[in-house]
Amino acid sequence: MESRDRARLDELLRILDGPSSGLMPDAKLRWTEPAALALLLARWISREGRLQPLWVDAPSEAEAQSLAQDLRVLLPGVGVAQFPGMAPYVGGESSPPGMVLRDRLATLIGLLERRVTVLVTGPLAAFEKLPHPTWFQKQKLELQRGTEVPRELLLETLIALGYRRTELASSPGEFSARGLVIDLWPDHLDQPLRLETFGDELEKLAPFDPDTQRRTGEELEKLTIYPRYEAARGDGTPLLKAAQSRADRTPEAADDLAFRRSRISTHGHFPGEELFYPLLDQPAGQLAHWVAPCLRVKLESEWSDALRAREQERVDQSLETLRRGGVVCPDFGDRFLPGDPSRTTIQLTEWQTEATVPFTAQKAREFQGRLSELATYLQELVLNDHRVFLAGSTPGMRDRLGEILSDYELPLGNGSESGCRTAYLALSAGMYIKDARLLVLTEREIFGRKAMAAPPKRSASSAFMSDLRDLKPGDRVVHLDHGIGEFVGFQELNVGGELHEVVQLRYSDGGQLQVSLERADLIQRFVSPDGSLPPLDKLGGASWAKVKRRAKKAIRDMAEELLKLYAKRKLEKGHAYPPDGPEMAEFEASFPFEPTKDQIEAGEAIKADLESHKPMDRLVVGDVGFGKTEVAMRAAAKVVLDGKQVAVLCPTTILCFQHFRTFKERFAGFPVRIEMLNRFVDKAEAKQIQQDVADGKVEIIIGTHQLLGARNTFADLGLVVIDEEQRFGVSHKEKLKHLRANVDVLALSATPIPARCT
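Reading the values: the criteria
- Residues numbered from 1 in each chain as written.
- Predicted model: local features only at pLDDT ≥ 70, side-chain atom pairs only at ≥ 80, totals over all residues.
- Heavy atoms only, no water.
- Helix = DSSP H or I, 4+ residues; strand = E, 2+ residues; numbered from the N terminus.
- Contact = heavy atoms within 4.5 Å.
- Areas by Shrake-Rupley, 256 points an atom, 1.4 Å probe, with all protein chains shown as cover.
- Expected span 1.5 Å × (residues − 1).
- Buried < 20%, exposed > 50% of the residue type's maximum accessible area, 1.4 Å probe, protein only.
- Pairing = 2+ DSSP bridges.
- Axes fitted to C-alpha atoms, helices over the stretch in contact; angles between N-to-C directions.
- Parallel < 35°, antiparallel > 145°, perpendicular 65-115°, else oblique.
- Nonpolar A, V, L, I, M, F, W, Y, C, P; charged D, E, K, R; others polar.
- 1 Å grid on protein atoms, 1.4 Å probe; cavity = no way out; pocket = protein on both sides within 12 Å on 5 of 7 lines; lining within 4 Å.
- Points joined across faces, edges and corners; volume = space filled by probe spheres on them.
- Left-handed = near helix turned anticlockwise from the far one by under 90°.

A. Broad picture of the overall build of the protein chain. For the protein chain, the count of helices and strands is 23 helices and 31 strands. For the protein chain, contacts bridging at least 24 residues in sequence account for 73% of all contacts bridging at least 6. Total accessible area on the protein chain is roughly 36,700 Å²; 52% of this is exposed by carbon and sulfur atoms.

B. The arrangement of the environment of Leu 124 in detail. Position of Leu 124 relative to the elements: it lies in the loop between strand 4 (118–121) and strand 5 (130–131). Separated by 180 residues in the primary sequence, Leu 124 and Ser 304 have C-alpha atoms spaced 8.2 Å apart. What Leu 124 contacts, discounting residues up to four positions off in sequence, is Ala 87, Arg 308, Glu 311, Phe 332 and Phe 336.

C. Structural detail: the environment of Pro 341. Here Pro 341 shows up in the loop between helix 12 (332–335) and strand 15 (346–349). Taking the C-alpha atoms as reference points, Pro 341 and Leu 287, separated by 54 residues in sequence, lie 9.2 Å from one another. When residues no more than four places from it in sequence are discounted, the contact partners of Pro 341 are Gln 286 and Ala 288.

D. Layout of helix 1 (residues 3–14). For helix 1, built from 12 residues, the straight-helix expectation of 16 Å at 1.5 Å per residue is met to within 8% by its first-to-last C-alpha distance of 16 Å. Looking at helix 1, one finds that the buried residues are Asp 5, Arg 8, Leu 9, Glu 11, Leu 12 and Leu 13.

E. Spatial organisation of the sheet that holds strand 28 (residues 674–677). Judged by pairing direction, the sheet is parallel, and its 6 strands sit side by side in the order 26-31-30-27-29-28 without closing on themselves. The open sheet terminates on both sides in strands that have one partner only, identified here as strand 26 (617–621) and strand 28. Averaged over all neighbouring strand pairs, the angle between strand axes comes to 15°, with direction disregarded. Pairing of strand 27 (residues 645–649) with strand 29 (residues 700–703), which is carried by 4 bridges, proceeds in the parallel orientation. Note on strand 29: the bridge partner recorded for Ala 647 is Ile 701. Helix 22 (residues 683–695) contacts strand 27, strand 28 and strand 29 of the sheet and is inclined by roughly 130° relative to strand 28.

F. Summary view of the packing of helix 1 against helix 3 (residues 34–45). The contact between helix 1 and helix 3 brings their axes to 9 Å, and the two run at 95°. Between helix 1 and helix 3, the interaxial angle falls into the category roughly perpendicular. Contacts between helix 1 and helix 3 involve Leu 12, Leu 13 and Arg 14 on the former and, on the latter, Leu 39, Ala 42 and Arg 43. Taken together, the residues of the contact of helix 1 with helix 3 break down into 4 nonpolar, no polar and 2 charged.

G. Focus on unusual backbone geometry. Look at Arg 114: it is not a glycine, yet its phi comes out positive at around 60°. Note that Arg 114 resides in the loop between helix 5 (98–112) and strand 4. In this structure Arg 114 comes out as exposed when scored by relative accessible area, which is 55%. In this structure, Arg 437 takes a positive phi of about 50° despite not being glycine.

H. Up close: the pairing of strand 2 (residues 54–57). Across the two faces of strand 2 the burial is the same, with Leu 54 and Val 56 and Trp 55 and Asp 57 all buried. Here strand 2 pairs with strand 4 via 4 bridges, running parallel. Opposite Asp 57, over in strand 4, you have Thr 121 as the bridge partner. Bridging between strand 2 and strand 14 (residues 295–299) involves 3 bridges; their strand directions are parallel. Counted as the bridge partner of Trp 55 is Arg 296 from strand 14.

I. Molecular detail of the layout of surface pockets. Considering only enclosed or pocket space, the second largest pocket measures out at about 1,100 Å³ in volume. Lining the second largest pocket are 44 residues, and of these Gly 98, Leu 101, Arg 102, Asp 187 and Arg 228 sit closest to its centre. Elements with a contribution of two residues or more to the lining of the second largest pocket: strand 3 (80–83), helix 5 and strand 7 (164–165). The biggest single contributor to the lining of the second largest pocket is helix 5, with 10 residues. A breakdown of the residues in the lining of the second largest pocket according to their chemical character gives 16 nonpolar, 13 polar and 15 charged.

J. Quick look at the packing of helix 19 (residues 597–610) against helix 20 (residues 628–640). In contact at an axis separation of 10 Å, helix 19 and helix 20 are set at 30° when each is read in the N-to-C sense. Put simply, helix 19 runs roughly parallel to helix 20. The two elements helix 19 and helix 20 meet at a crossing, and its hand is right-handed. In this structure, helix 19 uses Gln 599, Ala 602, Gly 603, Ile 606, Lys 607 and Leu 610 to contact helix 20, whose residues at the interface are Glu 630, Val 631, Ala 635, Lys 638 and Val 639. Grouping the amino acids of the contact of helix 19 with helix 20 by side-chain chemistry returns 6 nonpolar, 2 polar and 3 charged.

The quantities given are spatial measurements derived from coordinates; they are silent on function.
As structure tokens, then:
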């Protein structure tokens, strides 16, 4: 966090000095908006000059997530964790999502290692039956560099702790072993670790990137690995006994028990086994046994009892339905105990209930992009001695909010003064606290932006292995060194007493080639443009070497042409666009979702290119649905707002229609004319559009290869956006070279390296 944002955060927290002083033992505080409650609690636990540990309940899992998110923002650098409760899943028959199980384990380990200072839980988490931390501690495995670690014993221990052995450790809970190297991804770490041994001695222990397989960061001296399960499940036999103990509640339970036995024998687990964990034989405990002494904020007992009763009624109804269908289920009481032994500091009451702490917060007023109305409202508040904070979720948004204050000449303030200020604080929502004369607004209220979950990070290695697994016997593949072969299948080879899985390939002379999965990056599926099968190469023959020589010559020729083109572009002086103004800020803020980190970084890089005198050549790569089009539209907005034109080239008519619809919707609130050219546009209409483009009456033109025709001229072309350039034909690429001679060019691609040989 930058020093100016840290200073703003300190100012914001100090405003709550008065209300936080009322949080004395046995006080009653009324539940309010999570962001406002987080602000009050953050000030309360940091008032004495040192941070006091805190455990706070929320009336729902969703509100617990929001409260934890806001506490992380307001307490940077502090260990804030949310322990996901099992209550939403105990009335079902399936396992909770893997991320929920992983977060639970990571939180328990964080509590055990005293890395969690602030804990947030849902209404029933404190009542859950958990293993006692002493049992968890006894199961752990401690590794230290330089110590003796028998390799086979280590592998057996990892399996006993619940880790899965795979070809590549590409996700949490997996490990792979090859030779003297063991790759391991513990659940509580963000990156996997590589363990290198010499004999039985652990020589190195370092994190690595699962995508590139390269080391990242410094070597570790030691590592503690904990069980991946919240119970002593063993080989699955205790789970089957636990299920059998609850079979008398289900009529005709034989089929379900048989299914569970079958899954244990074939897969090692069965769906929903986590629901039976409290019935297994391990020392019993609750969350209170894991948490060190701390300030404890509980829901008032009457409120907590009502929430528990409502949840139990829902679960019991669901269990009744499942049991009628022959499903064996544990009871509500098998998971939850009647009490929480942790000692209460203060209580949270419902909104209508009486409280002893006079703290109330309202939802902030929403403006949905009406900036002049916002400016009038803020002016009135400042005149009435209010302090206003405009909180941006990114540094860029913070700066844009500052531009709005400047554009509307709103009075600024510092410290305890009235006035407006901006800060980089990614709060879940804004708030208005009347007694403190405080208003906090986020872009959610200012622009109407909705939060969007970041797309899950995809592992390149796991995607690569998935592509190999999709091969069928008879498919053609290309080996980098040996050429086109036929995929035969996967096979296990015993090498030095170890089983290694290999890819088996066949060549034209009957030659066989086994490729280790660790070198499978040399193999690629062959995709023919017309679907035909090419002849097989001869293993060790000269034909593939000739193909590679021709390909290298073609690449050299292409490189020579590109060098000439870029030499010409180097001599050209491009148009330097001015820095973003209010209109550009409004366009970006009108995006109805939260931009991802990658979108923001790509957008900033493109802006830097556009604002320089050199013509831009930039490629944006990303999978389908990852937001490349939004990045392109922001670049287009910057160009058209400076009076220049944009051409968007699409390889297919379908993509042309999609981009046309998306651009029209996105630019709906701006005076920008957008037209489309493809084979479905009437000839007379197309001719008129071409004329309007030449006259400068069309700012953005979207089309297929028809845009490259000789009839198309531009009044003042500033930017060419090319979607999937590798899908255009050779003749079209020749025309593209002339089109891009002295304008800015932005290419978009989901497949930057063509996956075929031609």
